[in-house]
Amino acid sequence: MPSPVDDFMAQTPAIVLGVLVIILMAIAAVAGFVLHSRQARADASAGKAEDGDQQGYIVSGVVGLLALLMGFTFSLAVDRFEARRALVVEEANAIQIAYLQTQLLGEPHRARISQILVTYLDNRIDLANASTRDQASGLLATNNRLLTDLWAATSSAFLTIKGLDFSSTYVDTIGNVAALDSSRKAARRVHVPTEVFLVLIVYMIMTAGVLGYVLTGRRGRTAAIFLSVLTTLALILIMDIDQPTRGGVKEGQGPMEALQLSLKAQPPPVFDRFRIEDAKTAKP
């Protein structure tokens, strides 16, 4: 069961989370600057000098580890994005093969299953582009109903082709459509673990505190602000990629949309052309 933190991370837009993080980083930087000022006054009273070289090593180590964590998290998000994009191509191919093999069936099974596949494809595209949870819920219910209708129609058609070698191949093809449906749903539920984001955010805040403590003067503060903004933008991008339904970076539906146009241009009667010609040729 998702924790409250998981729900908060999943439901809050990436830009809002980014704003919250940069506010916390600013607070940490100010705290680091105040602490440094107090320490500098205490050292001056005691006659001690600051060790600038040691502070430079600390900044390099902290920023380097932040870059490593950021790259690791980005890699996780991109891997999941690439997996979702690959599944789009696989599903489009599976639906196309199922549609073409359906044209080998007799009527009324051919027309019935062809129409279900076309409607199913349209719904899959709308579901992938759904922008609200309520809209996605309705489309998901339609998706599940169409899958049931598809298998019921296949079961009915199987009775007419069960004696043919083609029957097992056709059943496997329809089963592959259903399997890819489940795979895409599962891929959209898989995210970068919340714990990874929490560690990254905490480390970003601590890094801001270290920069506020170490980098002094106008140039130092400018560099700290610049680095904080860049890391926050990178965090927003990673979170956006990790949100397949609400993010701005989504897997393209190009293969599915191209197939949609192709199927609408190739209704079942299109495949009867040679059957009609062969029937005419066969007449005495």
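Our subject is the structure listed above.
Here's a quick rundown of the structure. (Residues numbered from 1 in each chain as written. Predicted model: local features only at pLDDT ≥ 70, side-chain atom pairs only at ≥ 80, totals over all residues. Heavy atoms only, no water.)

**Structural notes on the side chain of Gln-260**
Positionally, Gln-260 belongs in helix 9 (residues 254-265). In this structure Gln-260 comes out as buried when scored by relative accessible area, which is 18%. Ignoring anything within four residues of it in the chain, the contact list for Gln-260 reads Leu-121, Asp-122 and Ile-125. (Helix = DSSP H or I, 4+ residues; strand = E, 2+ residues; numbered from the N terminus. Buried < 20%, exposed > 50% of the residue type's maximum accessible area, 1.4 Å probe, protein only. Contact = heavy atoms within 4.5 Å.)

**A short note on the layout of surface pockets**
What the largest pocket holds in volume is close to 1200 Å³. Lining the largest pocket we find 33 residues, and of these Arg-133, Arg-188, Arg-189, His-191 and Thr-245 sit closest to its centre. For the lining of the largest pocket, the elements supplying multiple residues, two or more each, are helix 1 (4-11), helix 4 (109-128), helix 5 (133-161), helix 6 (166-189), helix 7 (194-214) and helix 8 (217-242). No other element matches the five residues that helix 1 contributes to the lining of the largest pocket. Residues that form the lining of the largest pocket fall into these classes: 14 nonpolar, eight polar and eleven charged. In this structure, the second largest pocket occupies an estimated 280 Å³ of space. In terms of lining, the second largest pocket is formed by 14 residues, of which the most central are Ala-26, Ala-29, Val-30, Ala-224 and Ile-225. Going through the elements one at a time, helix 2 (14-46), helix 7 and helix 8 are the ones with two or more residues in the lining of the second largest pocket. Its residues placed into classes, the lining of the second largest pocket shows eleven nonpolar, two polar and one charged. (1 Å grid on protein atoms, 1.4 Å probe; cavity = no way out; pocket = protein on both sides within 12 Å on 5 of 7 lines; lining within 4 Å. Points joined across faces, edges and corners; volume = space filled by probe spheres on them. Nonpolar A, V, L, I, M, F, W, Y, C, P; charged D, E, K, R; others polar.)

**Remarks on helix 4**
Every α-helical turn comprises 3.6 residues, leaving residues that sit three or four positions apart pointing alike. Between its first and last C-alpha, helix 4 extends 28 Å over 20 residues, near the 28 Å set by a 1.5 Å rise per residue. Here helix 4 lies mainly inside the structure; 14 of its 20 residues are buried. (Expected span 1.5 Å × (residues − 1).)

**A short note on a nonpolar patch on the surface**
A cluster of nonpolar residues, Phe-8, Ile-15, Val-16, Val-19, Leu-20, Ile-23, Leu-24 and Ile-27, forms a patch on the protein surface that exposes about 700 Å² of accessible area. With seven residues, helix 2 is the single largest residue contributor to the nonpolar patch. Tracing the backbone shows Phe-8 in helix 1. Its relative accessible area of 43% is what places Phe-8 among the partly exposed residues. (Patch = residues over 30% accessible without salt bridge, like charges linked within 9 Å, V, L, I, M, F, W, Y side chains within 5 Å. Areas by Shrake-Rupley, 256 points an atom, 1.4 Å probe, with all protein chains shown as cover. Salt bridge = Lys/Arg side-chain N within 4 Å of Asp/Glu carboxyl O.)

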